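# What the coordinates show
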There are 4 protein chains.
Amino acid sequence: MTLPSTIGEFERVAQESLAPGPLAYYDGGACDELTLADNLAAWRRLAIRPRMLVGVAERDCSTTLLGREREHPLIVAPMAFQAMAAPEGERATARAAAATATPFCLSTLATVGVQELAAAAPDATRWFQLYVFRDRGVTRELVAAAGEHGYEALVVTVDLPVFGVRDSLLRTGWTVDPELAVPSASAAGTRGPIGPAEVSELIDPSLDWSDIERFVAETDLPVVLKGILTAEDARRAAACGVAAIVVSNHGGRQLDTVLSGADALPAVVEEVSAQLDVLVDGGIRRGTDVLKALALGASAVLVGRPLLWGLAVAGEQGARRVLELLLGELDVALALAGAPNARELDASWLMPAPWASH
Amino acid sequence: MTLPSTIGEFERVAQESLAPGPLAYYDGGACDELTLADNLAAWRRLAIRPRMLVGVAERDCSTTLLGREREHPLIVAPMAFQAMAAPEGERATARAAAATATPFCLSTLATVGVQELAAAAPDATRWFQLYVFRDRGVTRELVAAAGEHGYEALVVTVDLPVFGVRDSLLRTGWTVDPELAVPSASAAGTRGPIGPAEVSELIDPSLDWSDIERFVAETDLPVVLKGILTAEDARRAAACGVAAIVVSNHGGRQLDTVLSGADALPAVVEEVSAQLDVLVDGGIRRGTDVLKALALGASAVLVGRPLLWGLAVAGEQGARRVLELLLGELDVALALAGAPNARELDASWLMPAPWASH
Amino acid sequence: MTLPSTIGEFERVAQESLAPGPLAYYDGGACDELTLADNLAAWRRLAIRPRMLVGVAERDCSTTLLGREREHPLIVAPMAFQAMAAPEGERATARAAAATATPFCLSTLATVGVQELAAAAPDATRWFQLYVFRDRGVTRELVAAAGEHGYEALVVTVDLPVFGVRDSLLRTGWTVDPELAVPSASAAGTRGPIGPAEVSELIDPSLDWSDIERFVAETDLPVVLKGILTAEDARRAAACGVAAIVVSNHGGRQLDTVLSGADALPAVVEEVSAQLDVLVDGGIRRGTDVLKALALGASAVLVGRPLLWGLAVAGEQGARRVLELLLGELDVALALAGAPNARELDASWLMPAPWASH
Amino acid sequence: MTLPSTIGEFERVAQESLAPGPLAYYDGGACDELTLADNLAAWRRLAIRPRMLVGVAERDCSTTLLGREREHPLIVAPMAFQAMAAPEGERATARAAAATATPFCLSTLATVGVQELAAAAPDATRWFQLYVFRDRGVTRELVAAAGEHGYEALVVTVDLPVFGVRDSLLRTGWTVDPELAVPSASAAGTRGPIGPAEVSELIDPSLDWSDIERFVAETDLPVVLKGILTAEDARRAAACGVAAIVVSNHGGRQLDTVLSGADALPAVVEEVSAQLDVLVDGGIRRGTDVLKALALGASAVLVGRPLLWGLAVAGEQGARRVLELLLGELDVALALAGAPNARELDASWLMPAPWASH
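To keep things clear, this report deals only with the structure shown in the data block. (Residues numbered from 1 in each chain as written. Chains lettered and ligands numbered in written order. Predicted model: local features only at pLDDT ≥ 70, side-chain atom pairs only at ≥ 80, totals over all residues. Heavy atoms only, no water.)

### Considerations on helix α10 (residues 209-218) of chain A
Given 3.6 residues to a turn, an α-helix orients residues that are three or four positions apart in the same direction. Residues and elements named next belong to chain A. Buried within α10 we find Trp-209, Asp-211, Ile-212 and Phe-215. One side of α10 holds all its buried residues, which, seen down the axis, span an arc of 155°. Seen from the buried face of α10, the exposed residues on the opposite side, beyond 90 degrees, are Ala-217 and Glu-218. Summarising the contacts, the buried residues of α10 are in contact with β6 (126-130), α6 (136-148), β7 (151-157), β8 (223-228) and α11 (231-240). (Buried < 20%, exposed > 50% of the residue type's maximum accessible area, 1.4 Å probe, protein only. Helix = DSSP H or I, 4+ residues; strand = E, 2+ residues; numbered from the N terminus. Arc of directions from axis to C-beta. Contact = heavy atoms within 4.5 Å.)

Pasting the structure below:
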């Protein structure tokens, strides 16, 4: 099989091959999908001011993340139910991540258990994404398993106290194929097909800052808060002692018309980047998007849907190819922007895009 | 019958099922329909700044309106000739309103009498919308009937001194089906089919502020002025002693290129919200639109066309489902925006949408 | 024959009935037609702030123009070669103008002579538009004839020293049908079909401000300069003693990407409206456009292409209907904007359109 | 054969006649082609403020470039592999340039040798564009040949240290037809078809400012740096003693989302125009684009793709016709803008386009 040569082609092929329900789940966003579209558009509203003649024979895109050196700033975002895209599901994605030195973040709502995934991709740098369930016992077990099986960070998602309004799911009546196991949900007692109502039923809407303080105190793993969009909340997160923040709107899937990660990033960086790592996700499709995130002060970016397209098109190989394409583009972007060492990037490389800022 | 699962689907189904004339009347706007389109776009030009981790297990969207507590901030806007959409017309809409604790505003140009509607929906909170006719005797009778039959407010529409230029009506030659009764028009002597010219003929173009002062003085009901778009006029309305203002451009149906309610709202709120209730209408299609109106200082919002779509698709059940969908979305929006008590919303939850404010 | 009920319908029907050459000549603009499109868009970038409850039973749209009272602010713009649209050509348009109390401006490049037009439409208020020919003898004769036959103003077009680049004419190879007489060109010695090159050949590209001074000194008629777009040129025109200026870009037909009349108007009004009348043209399609021009300080507006559509669809009756539609819309707009006397309009009725000014 | 009458028609005909690979190479841009599109849009975001009545019977668009008088400000941009468009390739383009007094810039990656081109178009003013190869010996030979054969300037391209990401090439798998000779590549040892990887392999990514200083010191020819987009780099170039800068983003083909030449130009002009000539390229399609570049302070503009369209449609005659069309449009633009002497143009002729600057 010849793999697609661009991420755009992966997207097209994946959209043709996925069944309507999983496609709606993967690609859809909240309500009118304005935020979904803006996640991509926001990066396009930034123009690059490239520097010439600095000598770019060698490029270095390494970064420091949670106190460790990383070869590059990409991370596989937590995404639920990956077995809907390919039989190997999260296992394949994690192996693709391992092959490209990319940290892999396992979703609470994975179609594989915490331990099984670790066994399937022992070489992957693994993080665990946590939805805090109403059933705090199961929640504790999940966190404990992550600690036991070598996961290096706990990514607590804070922007899904209830499931968002997603017209595409309402239209298709999507639920997870009952033949696919979702171990965390089973442990918490969910029976029957999992759809939006079941997810809402699992997750605790009363979660608040005091819970975060407790997690930080009780967990050995560094705690990363995912879903912060304002400087106010970032300051509060820093006060709780979290190790990092992911500036994110949950891929445009939760509350439509919230601002994008790209637009929320500068204020958060200004507020807390001296105290913790700031990551960002949403709409990363090109190497130039990654370059812009770094220039705005992010330490790393999470990549989501493109991995699912890769997975849907060609399993582990597809997911790996998507990561390689992005890394290749990032390398070219650093060369052409005159920033062979990515750590040199700062806001002087960017300006509001004239095509958007009129 | 399976009801549509989103308001967008209600719109599509309704547009396919309505005859060209009623469809043009319901959906059309003035001239080039720029204001019609902007009524929706204006809400989309506002982005939400959501707050996380505040604990949202319980949400409360209650509001205070005309001195009374209301469960939620939705009101059914006055809309004429509802029997064009479904045989039960206003009766069905009012029952749907009653079932969802939504005040129902009866149009002067209803296809049902003031008393009949009250009898058909005795549980509905009812308001009466008044077009001041050239025939002041009939006008007085209508107001008196509203008072006698338990209507709780008098909503005086001030932005239709003459009927607007609506190309879609000129093209379709729309008139109300002569078999449908319009009691107010009959009382005022209209004979033959009612079209734009007949409406203009009924309504008094000389209405001015002195008339409003008189209405306030002579009526026991609270007087609400509907159709104000400037702070100047809002101040004048406050000086007249009205109980509330509806910031509105008549659904984009009267003067094209006037500003939207959403854009007119902040200046009006700043000018008079200490003295009276400020309501808004135009383009409310999502729970997030309602949230934004509240954050801008509105006490409530009027919903129009979506009710007609519900009515056209499935009568009372359709109208009720539309209201339930909007209320459900509002509930989710409050949870996801981190404003479990809607009364806490203020302008800090909003910003100009980056996708529109470039 | 049933006449179209909107100007938009006139446009559609005319575009289907005109031959490609004349259609290209009438509807086309310069190069990429950005200014052509912007002439319409510029009015749409202005929003109206309407006032309510001022009593609008009577509306008055009269204006004072070149020292005379006019019933309304519309003028038929000078347009060449009108016999391409209908056999009666300028005669029909002038009669339609007379029937609606609209001044008619005859083009130098008319398909009728100055005297013949006067004879054909004796009741029309007639102005004469002057292209200054290289042949100054013919130019003088044209001006003299205008004076003799009751034309009330001399409108000197200053923005066509050479013929603009119009792709649509290059593509269609348009020329005036040789069977149509163009008396002015014949008098100046043009032989064979008239196309862009022949027009350029007729007109004197060396025209400058000293010529204007001489015209003002030598002519009894008030001199109107048509084609001014900057305050600098307006000041100079005032210094020359002209009676009025038409802020115009020649219907987007001359230099693409110049600004629109609507956008150029405020600076010109501020500069010279104390000394002379400021008129505007370009893109007037709606009564609200006229209202906005008046609110920006124009004394009157010239209407062009819509008249040609009326003429092409139904000759004199079509042109008349177009004028009546516009006047009807203006009347409604005054009522709905709360400006029953058009002379009260000022900039407080306008604001940058929120849908365009983000 | 009848030649197209507009550049737009040349584009359409060429796109239909070129094979997919060459078409992708010529027309494609980097990644999502945002910068490619913006190169055209940027000129359209500038509006012209035209002056009237200045007397425009004679127009003069001459300019001074590298110390020499030129009849007009157009230059044929360096473009690789022109034999893909027509058998005569660069020879035909150079002859078209000669026929219109336009300097012709030969690409390093031409499908003709430096000497052969000089022999084929002895009357053309010739410049040589230099990619600095890893093989510095071949590089020296190319520069020496340019000097020997009467090339008047050395245009060093600095924005291609590596080949950009071009989806259209990845999709089509484009390589240069192996039957076409690329003498420079052959001299440097390239074997087999030339595609993106081969170009990257040829060019030295370590090029830096010290190399430029050396070129200036070692070469008799004036050195022009092509590919500068910031004032910082322009200042550095001036310090190196280069004779001119071409503000350019390589036709949108290298790093997507960099700013356009039109937008980068003003800051560069302000920084260094007192010391060296500033040229610009990217998106020049109309005479008004040239006028705007001059008004922003450019001494000349490079024209690229339109020449390839002319070449593809009709060889030398097509390329010549394209240049004549542009020069004709520039002449008309000067007349209609009231700038009969192009050297008088300055920023007062421009304003942000109202249609874009809202």
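### Some thoughts on the interface of chain A and chain D
Taken together, the contact pairs 31 residues of chain A with 39 residues of chain D. At the junction of chain A and chain D, the tally comes to 4 salt bridges. Glu232(D) is the salt-bridge partner of Arg49(A), the closest N and O atoms lying 2.8 Å from each other. Taken together, the links from chain A to chain D amount to 10 residue pairs in polar contact (both at pLDDT 80 or more). Breaking the side of chain A that touches chain D down by element, the ones donating at least two residues are α1 (7-17), β1 (46-48), α13 (287-295), α14 (305-337) and α15 (354-357) of chain A. Among the elements that take part in the side of chain A that touches chain D, α14(A) stands out by supplying 6 residues, more than any other. (Salt bridge = Lys/Arg side-chain N within 4 Å of Asp/Glu carboxyl O. Polar contact = N/O pair within 3.5 Å; in protein donor to acceptor, adjacent residues only side chain to side chain.)

### Points about the packing of aromatic side chains
The description of an aromatic ring pair rests on the distance of the ring centres and on the angle between the ring planes. Within this structure, the stated rule accounts for 20 aromatic pairs over all chains. On the numbers, 6.2 Å between centres and 80° between planes, the contact of Phe128(A) with Tyr151(A) is edge-to-face. A residue pair is termed long-range when its members are at least 10 positions apart, and Phe128(A) in strand β6 and Tyr151(A) in strand β7 qualify at 23 residues. The class for Phe128(A) is buried, based on a relative accessible area of 0%. Judged by relative accessible area, which is 2%, Tyr151(A) ranks as buried. Arranged with centres 4.4 Å apart and planes meeting at 20°, the rings of Tyr25(B) and Trp174(B) form a pair that is stacked. Of the two residues, Tyr25(B) sits in helix α2 (residues 20-27) while Trp174(B) sits in the loop between α7 (167-172) and α8 (183-187), which places them 149 residues apart along the sequence. Cluster of aromatic residues (ring-pair linked, three or more members): Tyr25(A), Tyr26(A), Phe81(A) and Trp174(A). (Phe/Tyr/Trp six-rings, centres within 6.5 Å; stacked < 30°, edge-to-face > 60°.)

### Remarks on the relation of the copies chain A and chain D
Here chain A sits on chain D after a turn of 90° about the axis and a move of 0.1 Å along it, with an RMSD of 0.0 Å. Each copy turns onto its partner about a four-fold axis. Little of the interface of chain A is mirrored in chain D, where only 3% of its interface residues again form contacts. (Least-squares fit on C-alpha atoms with pLDDT ≥ 70 in both.)

### Focus: the packing of helix α1 (residues 7-17) of chain B against helix α14 (residues 305-337) of chain B
Two quantities define a packed helix pair, namely the angle between the helix axes and the distance between the axes. Residue and element names in this part refer to chain B. Two elements in contact, α1 and α14, have axes whose closest approach is 10 Å; the angle formed by their N-to-C orientations is 175°. In terms of orientation, α1 and α14 fall into the roughly antiparallel class. On α14, the residues that touch Ile-7, Phe-10, Glu-11, Val-13, Ala-14 and Ser-17 of α1 are Pro-306, Trp-309, Gly-310, Ala-312, Val-313, Gly-318, Arg-321, Val-322, Leu-325 and Leu-326. Residue classes in the contact of α1 with α14 are distributed as 11 nonpolar, 3 polar and 2 charged. (Axes fitted to C-alpha atoms, helices over the stretch in contact; angles between N-to-C directions. Parallel < 35°, antiparallel > 145°, perpendicular 65-115°, else oblique. Nonpolar A, V, L, I, M, F, W, Y, C, P; charged D, E, K, R; others polar.)

### Some points on the environment of Ser62(B)
All names here are of chain B. Relative to the helices and strands, Ser-62 resides in the loop between β1 (46-48) and β2 (63-65). Judged by its relative accessible area of 16%, Ser-62 falls in the buried class. On a C-alpha basis, the gap between Ser-62 and Glu-218 in space is 31 Å, while along the polypeptide they are 156 residues apart. Discounting chain neighbours no more than four positions away, the residues touching Ser-62 are Arg-70, Glu-71, His-72 and Arg-343.

### Describing unusual backbone geometry
Phi at Thr257(B) takes a positive value of approximately 75°, unusual for a residue other than glycine. Mapped onto the fold, Thr257(B) is located in the loop between β9 (244-247) and α12 (261-272). Although it is not a glycine, Leu53(D) sits at a positive phi angle of roughly 60°. Note on Leu53(D): relative accessible area 6%, which makes it buried.

### Quick look at the pairing of strand β6 (residues 126-130) of chain D
All names here are of chain D. Buried residues dominate β6, accounting for 5 of its 5 residues. Side-chain alternation along β6 places Arg-126, Phe-128 and Leu-130 on one buried face and Trp-127 and Gln-129 on a second face that is also buried. Bridge analysis of strand β5 (residues 104-106) against β6 gives 3 bridges, and the strand direction is parallel. Within the sheet, the bridge partner assigned to Leu-106 lies in β6 and is Phe-128. Each parallel crossover has a hand, and the one from β5 via helix α5 (residues 114-120) to β6 is right-handed. Here β6 runs beside strand β7 (residues 151-157); their pairing, made up of 4 bridges, is parallel. The partner of Gln-129 across the bridge, within β7, is Val-155. As for the winding sense of the linkage, the β-α-β connection from β6 through helix α6 (residues 136-148) to β7 is right-handed. (Pairing = 2+ DSSP bridges. Right-handed = clockwise from strand over helix to strand, strands pointing away.)

### Considering the environment of Glu58(B)
Looking at the secondary structure, you find Glu58(B) in the loop between β1 and β2. Along the sequence, Glu58(B) and Asn341(B) sit 283 residues apart, while their C-alpha atoms lie 8.4 Å from each other.

Worth remembering: the numbers are spatial, not functional.
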